[in-house]
Amino acid sequence: MAETRQVRQQKKKKGAKEAEDIPQVLATDKKKKLKQLDSFIENVLEQAGEEFLEEFKQIEGQ
Amino acid sequence: MSIPKVVGIEQEYAISVKGADDLSAFHASCMLVNAYAQKVGIREPGMGVLWDYAHETPFQDIRGELFGRKTARDVTGREDNLLINAILPNGARLYTDHAHPEYSTPECLSATEAVACDKAGELILNEAVRLAEKILPQTTIKLFKNNIDHQGQSYGCHENYLMDANAHEACLVLNPGRAQKTLIPFLVTRQVFAGSGKPGAQFEISQRAGFMECLFGLDTMFHRPLINTRQEHHADPKRFRRLHLILGDATMSDFSTFLKIGTTQIVLQMLEDDYIASDFSLRDGLSALKQISARYDCPIEMAEGRKTNAIELQRRFLDLARIYCQSRDIPRVPDADLILQSWSDVLDGLETLTLSRDCDLEDDPGDLRRKLDWVLKLWLFTRYRRKKNLSWNHPQLKVLDLQYHNIDREESIFYSLRDQGLTEAIASEAEVAAFVDEAPPSTRAWFRSRCMQKFAREIYLVNWEVVGFDHGDIHRMVPLLNPLKGTRERFEEIFDKAADSRELLALIEKMGPQPGPR
């Protein structure tokens, strides 16, 4: 059965909205990853502070 | 005439030990070596494969006796030899070098193999740490694949390339001017993609540039040269030479490692074929090295007075490489297409990269942070220092810099970035894991590896160029003087047949000489 004009218009609007949503989804995903990274970094600095730097001295290598 | 650029990477790891005040870095490192050696079955009672130091001549210089040193080589006794060294069943060498655990990859034919073997070294060392910490549960050992401790000390990531003896002699011994016109400018400028970056008084793109002090030299711990002139070829010196480079940065990014190795392979082949007619000599290569490290796109002066920059110079090499790699009469550089495309993409990306006057990353349209260590670090540090208003010299940035290179995948900033999808890999996890246990199939590493896997009990010493079997009243030495021979294709069937090393040697004798040149 042929689609009515109304159904076609509704599908078109839905597709456009989904296309608009994609960058938003990506942006949200990116934000989430960056937040996770920031949390990781903070944890690293908490675990290995500036004393870690002082204790890190190495023997001269080649 | 050029020959395939068999390549190996030697990585000295930084080591941090906590929880055992009387455990020195040297002994911790030896513990790692032996814990792993035990795991792979080469420390069973009655076994003791020694590293053969007889072929090491660190004080002999390719330029002649005047440049070398008449110093007696320390003799390493059997116990110390076993304490320090392990020749692994994958053909690699794991050992303690000046208190650093060092992993020397087996010989690789391609840049992608070198990437995977280098990463396999990280897995091996992670496993070694896990085993050592089981032995001493109160101890925490951390390893870092980098070049500086931010306190003035440096340690290396060395590269070794197989070269034709005549070409090596022509370019580096008889007429080093040829190297100054071609190889040195290439090496000075390749840090724009091979540098791993560091914070400090300012951000620099290379960790090692500041530690290099001369163009040619024998030393590796002071007066560090761009080209090491050690006469230690680990192969038949009548046909082959080893080019030993100590200026490279340790790279975490697969891409940085791939480009560092792959582009150097191509340039060396071009050098061997006398393909580079242009003179790219720099007025002062060492100064240019440091200038570029401080600012990747700074102007540098050619010997004839013209100004250029590292990106432009690298593009000249790329243009030559593109035409060269299309020639039919040369040994094909493995992965050449990928190397050339990646090289081009990176140079394009560098031209659109924008940094502020304070060296913050402003724009990266080429998405180089997904590929290059120094750009990824710059992105991360820019983000963090703007958030916390930190100077480039702030200790927190140095902590982040070190932790970027932590090889513990739970703690490493690099691996956290990779897990977040912010950087790309070239070698798959499966490819890397395979090289933990196996050698690349197309070099002599495969032969050495198979000997260690099957006949370790009968081996009394090994080096890059020899496997020595103990047959009771006689020692039988199998020379591996050609890094391109001893391959799986040629010898797999024989190893499968041989029940012991005597049978192996008898079967090899029956085979006769390998067909083809060399």
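Structure: above.
Small disclaimer: the values here were computed from a predicted structure and weren't measured. (Residues numbered from 1 in each chain as written. Chains lettered and ligands numbered in written order. Predicted model: local features only at pLDDT ≥ 70, side-chain atom pairs only at ≥ 80, totals over all residues. Heavy atoms only, no water.)

Some words on the overall build of chain A
Within chain A, the secondary structure is distributed over two helices and zero strands. Counting all 62 residues of chain A, 24% fall into the buried class. Entry remark: accessible area of chain A is about 5,200 Å², with carbon and sulfur atoms responsible for 54%. (Helix = DSSP H or I, 4+ residues; strand = E, 2+ residues; numbered from the N terminus. Buried < 20%, exposed > 50% of the residue type's maximum accessible area, 1.4 Å probe, protein only. Areas by Shrake-Rupley, 256 points an atom, 1.4 Å probe, with all protein chains shown as cover.)

Some words on the overall build of chain B
From N to C terminus, chain B includes 18 helices and 18 strands. Along the first, second and third principal axes, the C-alpha atoms of chain B reach 70 × 60 × 45 Å. Evaluated residue by residue, chain B yields a buried proportion of 62% over its 518 residues. In chain B, 63 side chains carry a positive charge and 75 a negative one; their mean positions are 1 Å apart. (Lys, Arg positive; Asp, Glu negative; His and termini not counted. Charge placed at Lys NZ, Arg CZ, Asp CG, Glu CD.)

Overview of the interface of chain A and chain B
Counting from both sides, the interface comprises 24 residues of chain A and, opposite them, 46 residues of chain B. Note on chain A versus chain B: buried area summed over both sides is about 3,100 Å², and carbon and sulfur give 59% of it. Seen at the junction of chain A and chain B, the total is five salt bridges. The residue Lys-388 of chain B makes a salt bridge to Glu-42 of chain A at a minimum N-O spacing of 3.1 Å. Connecting chain A to chain B are 19 residue pairs in polar contact (both at pLDDT 80 or more). Elements supplying a minimum of two residues to the side of chain A that touches chain B: helix 1 (5-47) and helix 2 (50-55) of chain A. (Contact = heavy atoms within 4.5 Å. Buried area = accessible area lost by both parts, 1.4 Å probe. Salt bridge = Lys/Arg side-chain N within 4 Å of Asp/Glu carboxyl O. Polar contact = N/O pair within 3.5 Å; in protein donor to acceptor, adjacent residues only side chain to side chain.)

Here we look at the pattern of salt bridges
On inspection of all chains with the given rule, the structure shows 43 salt bridges over all chains. With a shortest N-O distance of 3.3 Å, Lys-18 of chain B and Glu-55 of chain A are connected by a salt bridge. Of this pair, Lys-18 of chain B sits in strand 2 (residues 14-18) while Glu-55 of chain A is found in helix 2, placing the two residues in two different chains. Residues Arg-409 of chain B and Glu-429 of chain B are paired through a salt bridge, measuring 3.2 Å at the closest nitrogen-oxygen approach. With Arg-409 of chain B in the loop between helix 13 (395-404) and helix 14 (413-419) and Glu-429 of chain B in helix 15 (residues 429-437), this pair connects stretches of sequence that are 20 residues apart.

Overview of the packing of helix 8 (residues 254-272) of chain B against helix 11 (residues 336-352) of chain B
Residue and element names in this part refer to chain B. Remark: helix 8 packs on helix 11, axes separated minimally by 10 Å, with the N-to-C direction vectors making an angle of 115°. Of the possible angle classes, the one that applies to helix 8 and helix 11 is roughly perpendicular. Like other packed secondary-structure pairs, helix 8 and helix 11 cross with a definite hand, here left-handed. Mapping the contact onto sequence places Phe-255, Phe-258, Leu-259, Gly-262, Thr-263, Ile-266 and Val-267 in helix 8 and Leu-338, Ile-339, Leu-340, Ser-342, Trp-343 and Val-346 in helix 11. For the contact of helix 8 with helix 11, a count of residues per class yields 10 nonpolar, three polar and no charged. (Axes fitted to C-alpha atoms, helices over the stretch in contact; angles between N-to-C directions. Parallel < 35°, antiparallel > 145°, perpendicular 65-115°, else oblique. Left-handed = near helix turned anticlockwise from the far one by under 90°. Nonpolar A, V, L, I, M, F, W, Y, C, P; charged D, E, K, R; others polar.)

Description of the environment of Pro-483 of chain B
Residues and elements named next belong to chain B. Topologically, Pro-483 is positioned in the loop between strand 18 (475-479) and helix 17 (488-497). With relative accessibility at 4%, the residue Pro-483 sits in the buried group. For Pro-483, the residues in contact, after removing those within four places along its chain, are Val-6, Leu-162, Ala-235, Phe-240, Thr-443 and Arg-444.

Side note on the packing of helix 10 (residues 310-325) of chain B against helix 11 of chain B
All names here are of chain B. The contact between helix 10 and helix 11 brings their axes to 10 Å, and the two run at 155°. Considering their axes alone, helix 10 and helix 11 lie roughly antiparallel with respect to each other. Classified by chirality, the crossing of helix 11 by helix 10 is left-handed. Here Ile-311, Gln-314, Arg-315, Phe-317, Leu-318, Ala-321, Arg-322 and Cys-325 of helix 10 lie close against helix 11, whose contacting residues are Ala-336, Leu-340, Trp-343, Ser-344, Leu-347, Asp-348, Leu-350 and Glu-351. Its residues placed into classes, the contact of helix 10 with helix 11 shows 10 nonpolar, two polar and four charged.

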